[in-house]
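Summary of the model geometry
Single-letter residue listing:
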Amino acid sequence: MMRPADAERLTGYHVGGISPFAPKKRVPVAIDQAALAETSVFLNGGQRGLQYRARSQRRRQGAHATVQALTG
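This report concerns the structure included in the present document. (Residues numbered from 1 in each chain as written. Predicted model: local features only at pLDDT ≥ 70, side-chain atom pairs only at ≥ 80, totals over all residues. Heavy atoms only, no water.)

Scanning the protein for helices and strands turns up two helices and four strands. In sequence order, the protein lays out its α and β elements as α-β-β-β-α-β. Here the protein holds 72 residues, and 26% of them are scored as buried. Contacts in the protein between residues far apart in sequence, at least 24 positions, make up 48% of those at least 6 positions apart. Accessible surface, the protein: about 5,300 Å² in total, of which carbon and sulfur atoms supply 52%. (Helix = DSSP H or I, 4+ residues; strand = E, 2+ residues; numbered from the N terminus. Buried < 20%, exposed > 50% of the residue type's maximum accessible area, 1.4 Å probe, protein only. Contact = heavy atoms within 4.5 Å. Areas by Shrake-Rupley, 256 points an atom, 1.4 Å probe, with all protein chains shown as cover.)

What follows deals with the pairing of strand β3 (residues 51-55). Where strand β2 (residues 40-44) meets β3, five bridges bridge the pair, whose relative direction is antiparallel. Its bridge partner being in β3, L43 is matched across the sheet by Y52. Taking the residues between adjacent antiparallel strands as the criterion, β2 and β3 are bridged by six residues, where G46 takes a positive phi near 105°. (Pairing = 2+ DSSP bridges.)

Relative to the helices and strands, H14 resides in the loop between α1 (4-11) and β1 (30-32). Assessed through its relative accessible area of 56%, H14 is described here as exposed. Sequence separation between H14 and P4 is 10 residues; the distance between their C-alpha atoms is 8.4 Å. Those residues in contact with H14 that lie beyond four places of it in its chain are E8 and R48.

Moving on: the side chain of D6. Within the secondary structure layout, D6 lies in helix α1. Residue classification places D6 among the buried residues on the basis of a relative accessible area of 19%.

So far we have only geometry, and geometry alone does not tell us how the molecule works.
Structure (structure tokens):
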């Protein structure tokens, strides 16, 4: 996880609405391997309070995300 100020500067989004899609600069994106077991997941849409539902595998590919065990 980045510090909030760094995340905002690098992505162009405000904390609470950071999306893995279309950042100003490409930053590493990870998806929890447990999320891939779900048919769909909810992601931030680029502003606070805006979320959208997406198919897990498709979003992993679109965000060029690595799969990691992020939760225990």
